[in-house]
Amino acid sequence: MKVRMIQGAKIISTGSAIPHTKVSNKKISSIVETSDEWIFSRTGIKERRLLTEPGQSVTDLSIRASKEALDKISMDADQIDLIILATSSPNDLFGSASRIQYEIGAVNALAFDLTAACSGFVIGLVTASQFIFNGTYSNILVIGSDVLSKWVNWSDRSTCILFGDAAGAAILQSCDSHLNSMLNFHLSTDGNYSNQLSIPYREKYEPHPVLNLSQGSFQFISMNGKEVYKFAVSQVPLSILKCLRDLDMSVNDVDWLLLHQANDRILTAVAEKLSISHNKIISNLSNYGNTSAASIPLALDEALKSNKILTNDIVVIAGFGAGLTWGTIIIRW
Ligand code: UT7
């Protein structure tokens, strides 16, 4: 399927929020059998932020990130038409987006959650662009936010070394020009591998004596790291190439490669497969680890704050993770 944006949709502001508590690899080494050397050499991670303040949740981080994005461009929250919260760690299974809508004062916005794990922000941005494309909405707040520390088994060294908590937000706005906007996207899912990375729900209580209905609870993150690694390194380059080809562009046109921050080895392997120079990779893994849906908007926000990304730069954004789901967006900044 050939997909191109017809009407312009561009990111006009970003914001991010991280918890105060830093947790080093050394500290992780004091709770599971691992080392700073193992974690850094296998993942590129040095430390991560964990949300340790009592009562704080994904909602609080999301509110901070959203307010920053709005404040940066002095936009009143009542101008937002839609809020999409990409998260897999809501503090309410019915959704956390509506609380964010209320807290930031976005009184005119519809708000809903979108669950797509580490691909959540990319899928959220594409979803938002469709509302802009069909003329329904003009200003959309897309948030990627996760507090996976609440769902990590802190005695499982194969997963607990990876994850951190954060939120990132972007405001997508309709625009007349197609030039400085989202140019193309590609999204995919292979549900056959859904059990390779999940937070499964398990029934564990005795069935209700009258209704014969079982109930249970969600478990910890379970991951087949090797399979997820192989999937990312094989599928993400194909997705990016497809997106570029549809636009008659090549890898030489790419200025920045902004991938989901899962593992530095994945970022390097994808760039090498595409023959994209290492200095075009945006990476902040060493400071935050894998922050799931937050990783792309957080890295984007930091790259913009440090003036890395400039007007007219071609930015390739790609997310991948549980589902298994993956996707690419190409933006001319
Ligand atoms: O957001 C998307 C989600 N996730 C990902 O993208 C994760 C993708 N996968 C990965 O990043 C990597 O697979 C990991 C970083 C999770 C693991 O790295 P790996 O190079 O695939 O290691 P491995 O699982 O093959 O384990 C190698 C060895 C094993 O020991 P043996 O069997 O060779 O003796 C593990 O038991 O390393 C051992 N090991 C550890 N040792 C020290 C596994 N975890 C640890 C640890 N510290 N934390």
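Please read all numbers here as calculations on a predicted model, not as lab measurements.

### Some points on the overall build of the protein
- Along the backbone of the protein there are 10 helices and 15 strands.
- The C-alpha atoms of the protein give a radius of gyration of 19 Å, which matches the 20 Å a tight globule of 333 residues would have.
- Across its three principal axes, the protein shows a C-alpha extent of roughly 60 × 45 × 40 Å.
- Residue burial in the protein is summarised as follows: out of 333 residues, 53% are buried.

### Quick word on unusual backbone geometry
- In the segment running from Gly323 into Leu324, the intervening peptide bond is cis, with an omega of -15 degrees.
- Structurally, Leu324 is set in the loop between strand E14 (314-321) and strand E15 (325-332).
- Of note in this structure, Ala117 is not a glycine but carries a positive phi near 45 degrees.
- Take Ala117: it is sitting in the loop between strand E5 (110-114) and helix H5 (120-133).
- The phi dihedral of Ser275 is positive, around 55 degrees, even though this residue is not glycine.
- Its location among the elements puts Ser275 in the loop between helix H8 (264-273) and helix H9 (285-288).

### Some remarks on the nonpolar core
- Counting residues in each nonpolar core, the largest one holds 48 residues, and the members touching the most others are Ile240, Leu257, Leu259, Phe320 and Ile330.
- Those elements that provide at least two residues to this core are helix H7 (225-246), strand E13 (256-259), H8, E14 and E15.
- In terms of residue count, the dominant contributor to this core is H7 (8 residues).
- Here this core gathers at least three residues from each of two domains, domain 1 (8-178) and domain 2 (182-332).
- If you look at the next biggest cluster of nonpolar residues, it comprises 32 residues, including Leu82, Leu114, Met182 and Ala303.

### Some details on the UniProt feature "domain: Beta-ketoacyl-[acyl-carrier-protein] synthase III C-terminal" (unreviewed entry) in the protein
- Following the UniProt record, one finds the feature "domain: Beta-ketoacyl-[acyl-carrier-protein] synthase III C-terminal" (unreviewed entry) at residues 245-333.
- Spanning residues 245-333, this segment combines 30% helix with 22% strand, and its end C-alpha atoms are found 19 Å apart.

### With respect to helix H4 (residues 97-104)
- Every buried residue of H4 is accounted for by Ala97, Ile100, Gln101 and Ile104. Viewed along the axis of H4, the buried residues span an arc of 105 degrees, placing them on a single side of the element.
- Along its buried surface, H4 packs onto helix H3 (58-72), strand E4 (82-86), E5 and strand E6 (139-146).
- Positive phi shows up at Gly105, right after H4, with a value of about 80 degrees.

### So, the domain arrangement of the protein
- On domain assignment, one finds that the protein holds domain 1 (8-178) and domain 2 (182-332).
- The C-alpha-based centres of domain 1 and domain 2 are spaced at 14 Å.
- Listed by partner, the interface residues are 49 residues for domain 1 and 44 residues for domain 2.
- Summed over both sides, the interface between domain 1 and domain 2 buries roughly 3700 Å², with carbon and sulfur atoms accounting for 67% of that surface.
- Across the contact surface, domain 1 and domain 2 share 2 salt bridges.

### Observations regarding the site of the ligand
- Taken together, 21 residues surround the ligand, and among them Thr34, Lys226, His260, Asn263 and Asn290 come closest.
- Take Thr34: an N or O atom from its side chain is 2.6 Å from a nitrogen atom of the ligand.
- Arg42 is positioned with one of its side-chain polar atoms (N or O) 2.8 Å from an oxygen atom of the ligand.
- Burial of the ligand by the protein chains amounts to 74% of its free accessible area of 950 Å².
- Within the residue set of the shell around the ligand, elements represented by two or more residues are helix H2 (36-43), helix H6 (157-160), H7 and H8.
- Examining the composition of the shell around the ligand, we find that 4 residues originate from one element, H7, more than from any other.
- Tallied by class, the residues present in the shell around the ligand amount to 9 nonpolar, 7 polar and 5 charged.

### Looking at the sheet that holds E14
- The strand order E8-E15-E14-E13 describes an open sheet built from 4 strands, whose pairing is mixed. Two strands lie at the open edges of the sheet, namely strand E8 (182-189) and E13, each paired on one side alone. The sheet shows a mean angle of 10 degrees between the axes of neighbouring strands, taken without regard to direction.
- Relative to E15, E14 runs antiparallel, the two being bridged by 8 bridges. When the sheet's bridge partners are listed, Val315 is paired in E15 with Ile331.
- Contacting E8, E14 and E15, H5 crosses the sheet at an angle of about 125 degrees to E8.

### Looking at the pairing of E4
- Of all 5 residues in E4, 5 are buried; the element is thus mostly enclosed.
- Neither face of E4 is left uncovered, since the one carrying Leu82, Ile84 and Ala86 and the one carrying Ile83 and Leu85 both have all their residues buried.
- Pairing between E4 and E5: 5 bridges, direction parallel. Each bridged residue has a counterpart across the sheet, and for Ala86 the counterpart in E5 is Leu114.
- Note on the crossover from E4 through H4 to E5: the handedness is right-handed.

What counts as what
- Residues numbered from 1 in each chain as written.
- Predicted model: local features only at pLDDT ≥ 70, side-chain atom pairs only at ≥ 80, totals over all residues.
- Heavy atoms only, no water.
- Helix = DSSP H or I, 4+ residues; strand = E, 2+ residues; numbered from the N terminus.
- Rg over C-alpha atoms; globule rule 2.2 N^0.38 Å.
- Buried < 20%, exposed > 50% of the residue type's maximum accessible area, 1.4 Å probe, protein only.
- Core = buried A, V, L, I, M, F, W, Y, C linked by side-chain atoms within 4.5 Å.
- Domains from an automatic or database assignment.
- UniProt positions renumbered as here; feature names shortened; annotations may be inferred.
- Arc of directions from axis to C-beta.
- Contact = heavy atoms within 4.5 Å.
- Buried area = accessible area lost by both parts, 1.4 Å probe.
- Salt bridge = Lys/Arg side-chain N within 4 Å of Asp/Glu carboxyl O.
- Near = heavy atom within 4 Å.
- Polar contact = N/O pair within 3.5 Å; in protein donor to acceptor, adjacent residues only side chain to side chain.
- Areas by Shrake-Rupley, 256 points an atom, 1.4 Å probe, with all protein chains shown as cover.
- Nonpolar A, V, L, I, M, F, W, Y, C, P; charged D, E, K, R; others polar.
- Pairing = 2+ DSSP bridges.
- Axes fitted to C-alpha atoms, helices over the stretch in contact; angles between N-to-C directions.
- Right-handed = clockwise from strand over helix to strand, strands pointing away.

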